[in-house]
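Understanding the architecture of this molecule
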Amino acid sequence: MLLIFQALEAILLRTVSNLSHFSVVGMNIVKKLINSYVKLIYAALYSENCKMSRGCLTLLSAMVAQGPDSARDVCSHFDFNNKYLPGLLKKGFKKGRTDVRMACIQFALSFLVAGDNALLAQHGRNLMLLKDTWQHLQVYLKACGLQERFVLFQR
């Protein structure tokens with residue numbers, strides 16, 4: 001299943017970047033995933049396997065990257081109030097590879113990159129995902145000296 005998620009992520013990212021004339025195909029993939037496979041995505045997201053959770057989050061990020069319409073679809077179908085969502089920030093690898101926490105931050109930032117101000121205004125609290133996600137991001141931005149360039153959601 002992880003291989004399928006990675007293949008779909010690669011296709012979606014290609015339709016956003018250099019294959020933009022296939023953007024309709026990307027939107028159809030997003031709609032099919034949201035309408036038919038949400039339960040499977042949730043099962044993978046909250047599994048004990050860190051690679052599966054990370055793969056699922058990066059797939060969700062690629063789905064949001066398709067544009068404002070897909071970002072709205074993902075936001076409206078994703079359960080931001082799930083009790084297991086905070087546990088994702090505690091998952092990580094010991095060998096320094098990209099872990100689930102980084103994928104959570106990538107997923108949260110993908111909504112900002114989608115560029116839909118109405119979505120951010122309407123679902124700003126939900127898009128915070130977790131207070132810890134934004135706290136990790138703020139620490140990173142302070143360390144890089146980039147915090148002044150970004151406007152983060154207020155708590």
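Residues numbered from 1 in each chain as written. Predicted model: local features only at pLDDT ≥ 70, side-chain atom pairs only at ≥ 80, totals over all residues. Heavy atoms only, no water.

1. Focus on helix α3 (residues 38-45)
Every α-helical turn comprises 3.6 residues, leaving residues that sit three or four positions apart pointing alike. Looking only at α3, the buried set comprises Ile 41, Tyr 42, Ala 44 and Leu 45. Summarising the axial view, the buried residues of α3 lie within an arc of 165°, below the 170-degree limit, and thus occupy one face. Lining the buried residues of α3 we find α1 (2-16), α2 (23-36), α4 (50-64) and α5 (68-77). (Buried < 20%, exposed > 50% of the residue type's maximum accessible area, 1.4 Å probe, protein only. Helix = DSSP H or I, 4+ residues; strand = E, 2+ residues; numbered from the N terminus. Arc of directions from axis to C-beta. Contact = heavy atoms within 4.5 Å.)

2. Focus on the packing of aromatic side chains
The tally for this structure, following the rule as stated, stands at 5 aromatic pairs. Between the aromatic rings of Tyr 42 and Phe 78, the centroid separation amounts to 5.8 Å while the plane-to-plane angle is 45°, which identifies the pairing as tilted. With a gap of 36 residues between them, Tyr 42 in helix α3 and Phe 78 in the loop between α5 and α6 (100-114) connect regions that are remote in the sequence. With 6.2 Å between their ring centres and 50° between their planes, Tyr 46 and Tyr 84 make a pair best called tilted. With a gap of 38 residues between them, Tyr 46 in the loop between α3 and α4 and Tyr 84 in the loop between α5 and α6 connect regions that are remote in the sequence. Taken together, the ring pairs in this structure connect Tyr 42, Tyr 46, Phe 78, Tyr 84, Phe 107 and Phe 111 into an aromatic cluster. (Phe/Tyr/Trp six-rings, centres within 6.5 Å; stacked < 30°, edge-to-face > 60°.)

3. A short note on the side chain of Ser 61
Structurally, the position occupied by Ser 61 is in helix α4. When near neighbours in sequence (up to four residues on either side) are disregarded, Ser 61 contacts Ala 103, Gln 106, Phe 107 and Ser 110.

4. Things to note about the confidence of the model for the protein chain
For the protein chain, per-residue confidence averages 79 on the pLDDT scale, and 74% of positions sit at 70 or higher. Mean pLDDT per element in the protein chain: helix α8 (residues 131-144) is the minimum at 62, and α1 is the maximum at 93. In the model, residues 151-155 has pLDDT below 50 throughout and makes 17 contacts with residues more than four positions away in sequence or in other chains. (pLDDT = per-residue confidence, 0-100.)

5. Quick word on the environment of Cys 75
Here Cys 75 is to be found in helix α5. For Cys 75, a relative accessible area of 4% gives the class buried. For the pair Cys 75 and Val 64, spaced 11 residues apart in the sequence, the C-alpha separation amounts to 8.6 Å.

6. What about the pattern of salt bridges?
As enumerated under the stated definition, the model contains 2 salt bridges in all. Across the pair Lys 31 and Asp 73 runs a salt bridge, and its minimum N-O distance is 3.1 Å. Here Asp 73 lies in helix α5 and Lys 31 lies in helix α2, a separation of 42 residues in the sequence. The class for Lys 31 is partly exposed, based on a relative accessible area of 38%. By relative accessible area, Asp 73 is classed as buried at 19%. Across the pair Asp 69 and Arg 72 runs a salt bridge, and its minimum N-O distance is 2.7 Å. Here the residue Asp 69 and the residue Arg 72 both occupy positions in helix α5, the gap between them amounting to 3 residues, near one helical turn. For Arg 72, a relative accessible area of 37% puts it in the partly exposed group. (Salt bridge = Lys/Arg side-chain N within 4 Å of Asp/Glu carboxyl O.)

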